Amino acid sequence: MAYELQGQKVAILATDGVERIELEEPRGALYGAGAASEVVSIRPGEIRARQWDMDPAGTIAVDRLVSDANVNDYDALLMPGGTVNPDQLRMNADALTFVKAFCATGKPVAAICHGPWTLAEADVVRGHRLTSWPSIRTDLRNAGAEVVDAEVCIDGQFTTSRSPADLPAFCSAIVDQFARAHAAV
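Residues numbered from 1 in each chain as written. Predicted model: local features only at pLDDT ≥ 70, side-chain atom pairs only at ≥ 80, totals over all residues. Heavy atoms only, no water.

Things to note about the sheet that holds strand β2 (residues 18–19)
Inclusion rule: The rule for pairing is simple: two strands pair if DSSP sees at least two bridges between them. Labels follow the DSSP assignment, with helices taken as runs of H or I lasting at least four residues and strands as runs of E lasting at least two, numbered in each case from the N terminus.
Taken in spatial order, the three strands line up as β2-β4-β5 in an open sheet, and their pairing is mixed. Among the strands making up the open sheet, the edge pair consists of β2 and β5 (55–61). Bridge analysis of strand β4 (residues 46–51) against β5 gives five bridges, and the strand direction is antiparallel. Within β5, the position partnered with Glu-46 by the bridge is Ala-61.

Re the nonpolar core
Counted only if it meets this: Only buried residues count toward a nonpolar core. Its members are Ala, Val, Leu, Ile, Met, Phe, Trp, Tyr and Cys residues joined through side-chain atoms within 4.5 Å. Buried residues are those whose accessible area, probed at 1.4 Å on protein chains only, stays under 20% of the maximum for their type, while exposed residues exceed 50% and partly exposed ones sit between those limits. It only takes one pair of heavy atoms within 4.5 Å for two residues to be counted as in contact.
Among the nonpolar cores identified, the biggest contains 31 residues, and Leu-13, Leu-77, Met-79, Phe-98, Val-109 and Leu-119 are the most heavily contacted of them. Every element with two or more residues in this core is listed here: β1 (9–13), β7 (76–79), α3 (93–104), β8 (109–112) and α4 (116–121). Here the element with the most residues in this core is α3; it accounts for six residues. Not counting residues up to four positions away in its chain, the partners in contact with Leu-13 are Val-40, Val-66, Leu-77, Leu-78, Met-79, Pro-80, Leu-89 and Val-99. Among the nonpolar cores identified, the runner-up in size contains 27 residues, and Ile-12, Ala-14, Val-39 and Phe-178 belong to it.

Focus on the sheet that holds strand β11 (residues 152–155)
The criterion, for reference: For helices, the fitted line uses only the C-alpha atoms of the stretch in contact; every axis is such a line through C-alpha atoms, and the angle between N-to-C directions lies from 0 to 180 degrees.
In spatial order, the strands read β6-β3-β1-β7-β8-β12-β11; together these seven strands make up an open sheet with mixed pairing. A single partner strand is all that each edge strand has here, and the edge strands are β6 (64–65) and β11. Taken together, the four bridges between β11 and strand β12 (residues 158–161) define a ladder with antiparallel strand orientation. By the bridge assignment for β12, Val-152 is matched with Ser-161. Running over the sheet, helix α1 (residues 20–32) touches β1, β3 (36–41), β7 and β8 and is turned about 155 degrees from β3.

What to know about the packing of aromatic side chains
Centre-to-centre distance and the angle between the planes together describe a pair of aromatic rings. Operational definition: Between 30 and 60 degrees the pair is tilted, below 30 it is stacked and above 60 it is edge-to-face, where a pair is any two Phe, Tyr or Trp rings, Trp via its six-membered ring, whose centres lie within 6.5 Å. Only when the NZ of Lys or the CZ of Arg is both within 6 Å of the ring centre and within 35 degrees of the ring normal is a charge said to sit over the ring.
Applying the stated criterion to the full structure yields two aromatic pairs. Consider the rings of Tyr-74 and Phe-98, whose centres lie 6.3 Å apart with planes at 80 degrees: the pair is edge-to-face. Of this pair, Tyr-74 sits in the loop between β6 and β7 while Phe-98 sits in helix α3, placing them 24 residues apart in sequence. What makes Tyr-74 buried here is its relative accessible area of 1%. Ring plane angle 40 degrees and centroid distance 6.1 Å describe the contact between Phe-98 and Phe-102, whose orientation is recorded as tilted. With Phe-98 and Phe-102 both in helix α3, this residue pair falls four residues apart, about one helical turn. Each member of the pair, Phe-98 as well as Phe-102, carries the same accessibility label: buried. Through successive ring pairs, a cluster of aromatic residues spans Tyr-74, Phe-98 and Phe-102. The ring of Trp-117 carries Arg-90 above its face, with NZ or CZ at 4.0 Å from the centroid.

Taken by themselves, the reported measurements are silent on function.
Next up, the structure:
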C-alpha cells in the first residue's frame, strides 16, 4: 500500500516558531503515501522554523493564507507543534475559524506536541481523548478533553502525539488514519 493516500490533499497549519521536524517528518510520510500537502499559515511568504524551540532551523515556504483556505479543499489537517507556533495560531481569528470549520467536517485531524493547544482554543476537544506535550495538558483538561500519556492517541477524527520522540509512531498512525477516513467516504 505504497500510495494509500493517492489523491488526498492535507493542510498543514503552521506559522513562525513551528518545530521543523514535526512539520517535515509527517509531511514526508504523507508524501511517501501519495498525499499532496500545503502549508497554510497566518502570514504569506516563509515561516521561521525552530529546533527544540530554541534554535533557528531555517524557513518553510507558505503555500496559502489561512484566510484564503477552504476546508473543502483538504482531506485532512496536520498541526505540528513548537511552543510559539500554536500560541500564535490560537490568537488568530482566521486560524481558529479554519480549525473549527475543519473539525466540524469530521475529517481527520492530527496534532503533535503543542499542536493540540490550538484545538483547545478552538473549543473542539471537549469529550475527546488526546495526548500532548506535558505543559499543555492542563489547558486540554480545562477545555474538556480527557488527557492520556501515550505515544499516540486516536479518538474519532483526532490523532495526537506527545513530542518529536513519538514521530515514528505518529507518522505511521496518521497515514493509517487518513487512509481509513478516505476509504470510508
